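Okay, here's what each chain looks like letter by letter:
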2 protein chains.
Amino acid sequence: MRVHEAVESPSDEAPVESARRQRTRERLVDAAYEVFAEFGVHAASVEQISERAGFTRGAFYSNFDSKEELFFALESRENQLRLDRLEAGLQAVSPSLLDAAGRYTEGSLEALIRAFLELQPDDRRWCLVQSEFRMLAMRDADVAARYLQHQESAGRQLAAWLDQAAGLAHVRFTIPTPDIANIVVALYESAIQTAVLMDPDGDEGSPRELAMRTLPAIVRALTESVTE
Amino acid sequence: MRVHEAVESPSDEAPVESARRQRTRERLVDAAYEVFAEFGVHAASVEQISERAGFTRGAFYSNFDSKEELFFALESRENQLRLDRLEAGLQAVSPSLLDAAGRYTEGSLEALIRAFLELQPDDRRWCLVQSEFRMLAMRDADVAARYLQHQESAGRQLAAWLDQAAGLAHVRFTIPTPDIANIVVALYESAIQTAVLMDPDGDEGSPRELAMRTLPAIVRALTESVTE
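- Where an unreviewed UniProt entry is consulted, chain A appears under the name TetR family transcriptional regulator, with the organism given as Plantibacter flavus.

What follows is the structure, encoded as structure tokens:
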């Protein structure tokens, strides 16, 4: 494996350097995801991650302060990927939410929730890595504080999406949307964890079906129709 | 620390031997809980656990096949403790669920859910240990299968309690009770995890308050009054 020595100082951010630095960081993030998934977040070392990416430890530390900081870069990317897919998916699904006269239909929420679940990519691997990292954070107050900040930011973005989706389906939530976002995330994570426990290498259908057993009933119970 | 050599064969179950064996197992389970909480389930070794309990490795292996089997003994004990407390608590709270005429009141469900949450003992430590063990199980198909069996058994017992509690409050659930049990467990676990992340050594009030933000609304939305 080729080893690159890629030390760029943050103060020297010419566009070419900046692009090269960005590629280095991307490769380290890709490698970290693989190593975390393969060996566990707890067991993964900076050495393993650097080697997998084809860089030296020096290159790692010129880009990230620690394994934890690298995880947060990975988490930002994965959260953004999911939010982008949700955003795009909402545009695609919105015509089916209302009937021909533009009215809310009984099936709107189910369609929306199914679309939400179908827009989640590769979640078993991500769930495993994220859950393992949360366990580390639960044992380290500094990491925990940053983890909560990231979770709150992702929660706000999901809540904004949920409000937008509810508006399209002509409904509103009867409890604050951030609480709805927390409920959706907790139940979906629980469904994926159960799916992984049932079949670690199974297809992607099962967590979705598990989540569909409870999410529609909950969301329906916590929304009311908006009549105009 | 005194080291006991306590090797009893399972075929030699005279009452005295049996009681001694039971005490040995209890001490190993106590020690495991401490070592799991202190060092993490992942990092905890059979040697550490045996030493903490004051036994040899030989004594450990004459009682448990593995660290995982010891965890399941701990889990059975902790689940039973929680179910016993719920059972006893239901008797205590039931008079407050109905008004003087024996009718369901608006506050019945909130009172029930608050009682449920107040009946959970020492949950930060247990949540940490249980969540860490689930991560191990997610990476080991054999352990995962046994973990799911234990979870299903605990889920059935919680569902039976929920049906009993709903009956006392003169309500019934609008989706299957095992699904309600899954929702309650997922949201409560999520609340404890957030509480640990916010304040690892905090008092016990916070997870309860977090859970009270969403659980009453959900349970109210998923129940209907039974009129007789």
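Still more to cover.
A short note on the overall build of chain A
Consideration 1: Within chain A, the regular secondary structure consists of 10 helices and two strands.
Consideration 2: Each helix (α) and strand (β) of chain A, taken in turn from the N terminus, gives the series α-α-α-α-α-α-α-β-α-α-α-β.
Consideration 3: Counting only residues that meet the buried cut, chain A has 49% of its 228 residues in that class.
Consideration 4: Long-range pairs, those at least 24 residues apart, make up 70% of the contacts in chain A with a sequence separation of at least 6.
Consideration 5: On chain A, roughly 10600 Å² of surface is accessible, and the fraction owed to carbon and sulfur atoms is 52%.

Considering the relation of the copies chain B and chain A
Mapping one chain copy onto the other needs a rotation about an axis and a shift along that axis.
Consideration 1: Relative to chain A, chain B is turned by 180° and slid 0.0 Å along the rotation axis, the superposed coordinates differing by an RMSD of 0.0 Å. The transformation relating the two chain copies, once decomposed into turn and shift, fits a two-fold axis. Across chain B, the smallest distance between a C-alpha and the rotation axis is recorded for Ala 221 of chain B, namely 2.5 Å.
Consideration 2: Both copies present the same face, since 100% of the interface residues in chain B are matched by interface residues at the equivalent positions in chain A.

What about the interface of chain B and chain A?
Consideration 1: Residue-level contacts link 35 residues of chain B with 35 residues of chain A.
Consideration 2: Between chain B and chain A, roughly 3100 Å² of surface is buried when both sides are summed, and carbon and sulfur atoms account for 72% of that area.
Consideration 3: Its largest share of buried area at the contact with chain A, chain B owes to Met 138, Arg 139 and Leu 197 of chain B, together 26% of the area lost on that side.
Consideration 4: Between chain B and chain A we count four salt bridges in total.
Consideration 5: The interface formed by chain B and chain A holds 10 residue pairs in polar contact (both at pLDDT 80 or more) in total.
Consideration 6: Contributing elements (two or more residues each) for the side of chain B that touches chain A: helix H1 (15-39), helix H6 (123-138), helix H7 (141-168), helix H8 (177-198) and helix H10 (215-221) of chain B.
Consideration 7: Examining the composition of the side of chain B that touches chain A, we find that 10 residues originate from one element, H8 of chain B, more than from any other.
Consideration 8: A per-class count over the side of chain B that touches chain A returns 22 nonpolar, seven polar and six charged.

A look at the pattern of salt bridges
Consideration 1: Under the criterion given, the structure shown has 22 salt bridges over all chains.
Consideration 2: The salt bridge partner of Glu 224 of chain A is Arg 172 of chain A, with a shortest N-O separation of 3.0 Å. Remark: Arg 172 of chain A occurs in strand E1 (residues 171-173) and Glu 224 of chain A occurs in strand E2 (residues 223-225); sequence separation between them is 52 residues.
Consideration 3: Residue classification places Glu 224 of chain A among the partly exposed positions, given a relative accessible area of 36%.
Consideration 4: With a relative accessible area of 45%, Arg 172 of chain A lands in the partly exposed category.
Consideration 5: The salt bridge involving Arg 57 of chain B is made with Glu 47 of chain B; its shortest N-O contact spans 2.3 Å. On the criterion of sequence distance, the pair formed by Arg 57 of chain B in helix H3 (residues 57-63) and Glu 47 of chain B in helix H2 (residues 46-53) is long-range, its members being 10 residues apart.
Consideration 6: Taking relative accessible area as the criterion, Arg 57 of chain B reaches 41% and is therefore assigned partly exposed.

Some points on the environment of Leu 210 of chain B
Residue and element names in this part refer to chain B.
Consideration 1: For Leu 210, the position within the fold is in helix H9 (residues 205-212).
Consideration 2: The partly exposed category is assigned to Leu 210, whose relative accessible area is 22%.
Consideration 3: Here Leu 210 is in contact with Ala 191, Thr 194, Ala 195 and Met 198, once residues within four sequence places are set aside.

Description of the side chain of Ser 50 of chain B
Consideration 1: With respect to the element layout, Ser 50 of chain B can be found in helix H2.
Consideration 2: Excluding residues within four positions of it along the chain, Ser 50 of chain B makes contact with Leu 28, Phe 55, Thr 56, Arg 57 and Phe 60 of chain B.

Brief notes about the nonpolar core
Consideration 1: Phe 36, Ile 49 and Val 129 of chain A together with Phe 36, Ile 49 and Val 129 of chain B are the most contacted members of the largest nonpolar core, which has 143 residues in total.
Consideration 2: For Phe 36 of chain A, the contacting residues outside a window of four places in its chain are Val 41, Ala 44, Ile 49, Lys 67, Phe 71, Leu 74, Val 129 and Glu 132 of chain A together with Arg 139 of chain B.

Brief notes about the packing of helix H4 (residues 67-93) of chain A against helix H5 (residues 108-118) of chain A
Residue and element names in this part refer to chain A.
Consideration 1: Running from N to C, H4 and H5 point in directions that differ by 145°, and their axes come no closer than 10 Å. At the point where H4 passes H5, the crossing takes the right-handed sense. Residues Arg 85, Leu 86, Leu 90 and Val 93 of H4 pack against Ala 111, Leu 112, Ala 115, Phe 116 and Glu 118 of H5.
Consideration 2: Along the lines of polarity and charge, the residues of the contact of H4 with H5 split into seven nonpolar, no polar and two charged.

What about the UniProt feature "DNA-binding region" (unreviewed entry) in chain A?
Consideration 1: Taken from the UniProt record, the annotation "DNA-binding region" (unreviewed entry) applies to residues 45-64 of chain A.
Consideration 2: From the first C-alpha to the last, residues 45-64 of chain A spans 13 Å; its make-up is 75% helix and 0% strand.

Describing the side chain of Gln 193 of chain A
Consideration 1: Relative to the assigned elements, Gln 193 of chain A resides in helix H8 (residues 177-198).
Consideration 2: According to the relative accessible area criterion, Gln 193 of chain A is buried, its value standing at 7%.
Consideration 3: In this structure Gln 193 of chain A touches Cys 127, Ser 131 and Arg 134 of chain A together with Arg 134, Met 135 and Met 138 of chain B, once residues within four positions along its chain are discounted.

Examining the environment of Ala 221 of chain B
Consideration 1: Position of Ala 221 of chain B among the secondary structure elements: in helix H10.
Consideration 2: With 48 residues separating them in the primary sequence, Ala 221 of chain B and Phe 173 of chain B have C-alpha atoms 9.1 Å apart.
Consideration 3: If we skip the residues at most four places from it in the chain, Ala 221 of chain B touches Ala 221 and Leu 222 of chain A together with Thr 174 of chain B.

Remarks on the packing of aromatic side chains
Consideration 1: Under the counting rule described, the total for this entry stands at 18 aromatic pairs over all chains.
Consideration 2: Ring centres 6.4 Å apart and planes at 50° place the aromatic pair Phe 36 of chain B and Phe 71 of chain B in the tilted group. Residue Phe 36 of chain B is found in helix H1, and its partner Phe 71 of chain B is found in helix H4 (residues 67-93); the two are separated by 35 residues along the sequence.
Consideration 3: Assessed through its relative accessible area of 0%, Phe 36 of chain B is described here as buried.
Consideration 4: What makes Phe 71 of chain B buried here is its relative accessible area of 0%.
Consideration 5: Put simply, the rings of Tyr 33, Phe 36, Phe 71, Phe 72, Trp 126, Phe 133 and Tyr 147 of chain A pair up and form one aromatic cluster.
Consideration 6: Directly above the aromatic system of Tyr 33 of chain B lies the positively charged group of Arg 125 of chain B, at a separation of 4.0 Å from the ring centroid.

Cut-offs applied
- Residues numbered from 1 in each chain as written.
- Chains lettered and ligands numbered in written order.
- Predicted model: local features only at pLDDT ≥ 70, side-chain atom pairs only at ≥ 80, totals over all residues.
- Heavy atoms only, no water.
- Helix = DSSP H or I, 4+ residues; strand = E, 2+ residues; numbered from the N terminus.
- Buried < 20%, exposed > 50% of the residue type's maximum accessible area, 1.4 Å probe, protein only.
- Contact = heavy atoms within 4.5 Å.
- Areas by Shrake-Rupley, 256 points an atom, 1.4 Å probe, with all protein chains shown as cover.
- Least-squares fit on C-alpha atoms with pLDDT ≥ 70 in both.
- Buried area = accessible area lost by both parts, 1.4 Å probe.
- Salt bridge = Lys/Arg side-chain N within 4 Å of Asp/Glu carboxyl O.
- Polar contact = N/O pair within 3.5 Å; in protein donor to acceptor, adjacent residues only side chain to side chain.
- Nonpolar A, V, L, I, M, F, W, Y, C, P; charged D, E, K, R; others polar.
- Core = buried A, V, L, I, M, F, W, Y, C linked by side-chain atoms within 4.5 Å.
- Axes fitted to C-alpha atoms, helices over the stretch in contact; angles between N-to-C directions.
- Left-handed = near helix turned anticlockwise from the far one by under 90°.
- UniProt positions renumbered as here; feature names shortened; annotations may be inferred.
- Phe/Tyr/Trp six-rings, centres within 6.5 Å; stacked < 30°, edge-to-face > 60°.
- Lys NZ or Arg CZ within 6 Å of the ring centre and 35° of its normal.

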